[in-house]
Amino acid sequence: MDMRYETERLVLEILPDTKAAQTLQFYLYNRELFEEYEPEHTEDFYTETCQRDMLRCEYNMAVNATLYRFWVYVKGQMDQVVGTVSLQNVRWGAFLSCELGYKFDQRFWGKGYAREGISKCLWIAFQELGLHRVEAQVLKGNLHSKRLLYRLGFEPEGVRKQNVKIHGEWRDHELYALLSGQGATHPGSGTSSQIPQC
């Protein structure tokens, strides 16, 4: 597996810790939006030092094949992160599965970057890593994310009750899954005709 991939419009890269300033700006600009769907971060999270430590840790996890976080750029604009896509909690052996994570800068919504970047990441999961199953968890109210997963071919499997504590409240997540050989696993493909009205 490589540390850098390209699609028609995007570059996906596992970053070295020297890019901490870029990832920090990505989080700072989208802080209010991201924190609506995630557990609260301490103020230390929003520092270049913390981001550098996280990038170093994520790089080591990629080397050890437990997590792959790709930071997404528009080609020719490598000075600004537009999103991140990750394969988390990778399980090998009899499982061959992982969890998909993603978030994109709200200034770049509506351009198809999320779908293109995630599609490439799914191709990596199934074609390069040989995984069989990719799961995704979504808060019930996150309609944008649910529509995106349907476009990519994910199917709903149920609800994980009181799954994560966010802002002091235990929240349910809807569970979606995509199996190898199903759905849209490369840019340009899709199953948009199967999208339900969320």
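Note that this is a predicted model, so its numbers are computed, not measured.

Within the secondary structure layout, G158 lies in strand β7 (residues 155-166). G158 gets classed as partly exposed once you look at its relative accessible area, which sits at 33%. For the pair G158 and T7, spaced 151 residues apart in sequence, the C-alpha separation works out to 32 Å. Not counting residues up to four positions away in its chain, the partners in contact with G158 are H173, E174 and L175.

Take the sheet that holds strand β2 (residues 10-13) next. Read across the open sheet, the 8 strands follow the order β1-β2-β3-β4-β5-β6-β8-β7; overall the sheet is mixed. Two strands lie at the open edges of the sheet, namely β1 (4-6) and β7, each paired on one side alone. Strand-to-strand twist in this sheet, taken as the mean axis angle between neighbours without regard to direction, amounts to 25°. Sheet analysis places β7 next to strand β8 (residues 169-179), joined by 8 bridges and oriented antiparallel. Residue pairing in the sheet places P156 in a bridge with Y176 of β8. Against the sheet, helix α1 (residues 20-29) touches β3 (68-74), β4 (83-91) and β5 (97-104), its axis set at about 80° to β3.

What follows is about the packing of aromatic side chains. For the structure on display, the rule yields 10 aromatic pairs. Judged by centre distance (5.3 Å) and plane angle (50°), the rings of F26 and F34 are tilted. Plain terms: the ring middles of Y150 and Y176 are 5.7 Å apart, the flat faces sit at 85° to each other, and that makes the pair edge-to-face. In this pair, Y150 sits in helix α5 (residues 143-151) while Y176 sits in strand β8, placing the two residues 26 residues apart along the sequence.

What follows deals with helix α3 (residues 48-63). Helix length check: α3, at 16 residues, gives a terminal C-alpha distance of 23 Å against a target of 22 Å (1.5 Å per residue), a fit within 8%. Its buried side turned inward, α3 meets α1 and β3. Just downstream of α3, A65 is the residue with a positive phi angle, here 60°.

Here the focus is the nonpolar core. One finds Y68, F70, L87, L100, L122, V134 and F154 to be the most contacted residues of the largest nonpolar core, which totals 38 residues. If you tally residues by element for this core, the top one is helix α4 (residues 113-128), at 8 residues. The contacts of V134, once residues within four sequence positions are left out, are C98, L100, L122, A125, F126, F154, Y176, A177 and L178. Judged by nonpolar contacts, the second largest core, of 14 residues, contains Y27, L33, L55 and Y73.

Now for the packing of α1 against α3. Where α1 meets α3, the axes come as close as 8 Å, and the angle between the chain directions of the two elements is 110°. If you check the angle between α1 and α3, you find them roughly perpendicular. The way α1 lies across α3 gives a crossing that is right-handed. Across from A20, A21, T23, L24 and Y27 in α1, the residues of α3 making contact are E48, Q51, R52 and L55.

Bridging between strand β6 (residues 133-139) and β8 involves 7 bridges; their strand directions are antiparallel. Pairing of V138 across the sheet is with E174, part of β8.

A volume near 1300 Å³ is recorded for the largest pocket. For the largest pocket, the lining is made up of 40 residues, of which G101, Y102, K103, N142 and S145 are closest to its centre. Broken down by secondary-structure element, the contributors of at least two residues to the lining of the largest pocket are α2 (31-35), β4, β5, α4, β6, α5 and β7. At 6 residues, the largest contribution of residues to the lining of the largest pocket is made by β5. The class makeup of the residues in the lining of the largest pocket is 19 nonpolar, 13 polar and 8 charged.

With that out of the way, let us pick up the pattern of salt bridges. Opposite charge on two side chains permits pairing when their charged atoms draw close. Summed over the entire model, instances satisfying the criterion amount to 16 salt bridges. Put simply, E13 and R4 hold a salt bridge, and the shortest N to O gap is 3.5 Å. Its relative accessible area of 18% is what places E13 among the buried residues. Look at R4 and you get partly exposed, because its relative accessible area is 41%. R31 is the salt-bridge partner of E43, the closest N and O atoms lying 2.6 Å from each other. Residue E43 is found in the loop between α2 and α3, and its partner R31 is found in helix α2; the two are separated by 12 residues along the sequence. Under the relative-accessibility criterion, E43 is labelled exposed at 55%. Note on R31: relative accessible area 23%, which makes it partly exposed. Salt bridges here are not isolated pairs; linked through shared partners, they connect R4, E6, E13 and K75.

So, how was this worked out
- For every chain, the first residue of the written sequence is number 1, and numbering continues from 1 along that sequence.
- Where local features are concerned, this predicted model is filtered to residues with pLDDT of at least 70; where side-chain atom pairs are given and counted, the filter is 80 or more; whole-chain, interface and lining totals use all residues.
- Think of the side-chain values as coming from all heavy atoms in the structure, minus any hydrogens and water.
- Secondary structure counts use DSSP, requiring at least four H or I residues in a row for a helix and at least two E residues in a row for a strand, with both numbered from the N terminus.
- The cut-offs for exposure are 20% and 50% of the maximum accessible area for each residue type, with area from a 1.4 Å probe on protein chains only; residues under the lower value are buried, those over the upper are exposed, and the others partly exposed.
- By definition, residues are in contact when any of their heavy atoms lie within 4.5 Å.
- Pairs of strands are assigned from DSSP output, requiring at least two bridges between the strands.
- For helices, the fitted line uses only the C-alpha atoms of the stretch in contact; every axis is such a line through C-alpha atoms, and the angle between N-to-C directions lies from 0 to 180 degrees.
- In summary, the pairing rule links any two rings of Phe, Tyr or Trp, Trp by its six-membered ring, whose centres are within 6.5 Å, and it sorts them by plane angle into stacked for under 30 degrees, edge-to-face for over 60 and tilted for everything else.
- Given a helix with a known number of residues, its expected span is that number minus one, times 1.5 Å.
- By nonpolar core we mean a set of buried residues, namely Ala, Val, Leu, Ile, Met, Phe, Trp, Tyr and Cys, connected to one another through side-chain atoms within 4.5 Å.
- The cut-offs work like this: below 35 degrees is roughly parallel, past 145 is roughly antiparallel, 65 to 115 is roughly perpendicular, and the gaps in between are oblique.
- What makes a crossing left-handed is the near helix being turned counterclockwise from the far one by less than a right angle; a clockwise turn instead makes it right-handed.
- Lining residues are defined by having an atom within 4 Å of a point belonging to a cavity or pocket. Those points lie on a 1 Å grid over the protein atoms alone, cavities being sets where a 1.4 Å probe fits but cannot get out and pockets being open sets with protein on both sides within 12 Å along at least five of seven lines.
- Grid points are joined across faces, edges and corners, and a volume is the space filled by probe spheres set on the points.
- Charged residues are taken to be Asp, Glu, Lys and Arg, nonpolar residues to be Ala, Val, Leu, Ile, Met, Phe, Trp, Tyr, Cys and Pro, and polar residues to be all remaining types, Gly included.
- For salt bridges, the criterion is a side-chain nitrogen of Lys or Arg within 4 Å of an Asp or Glu carboxyl oxygen.

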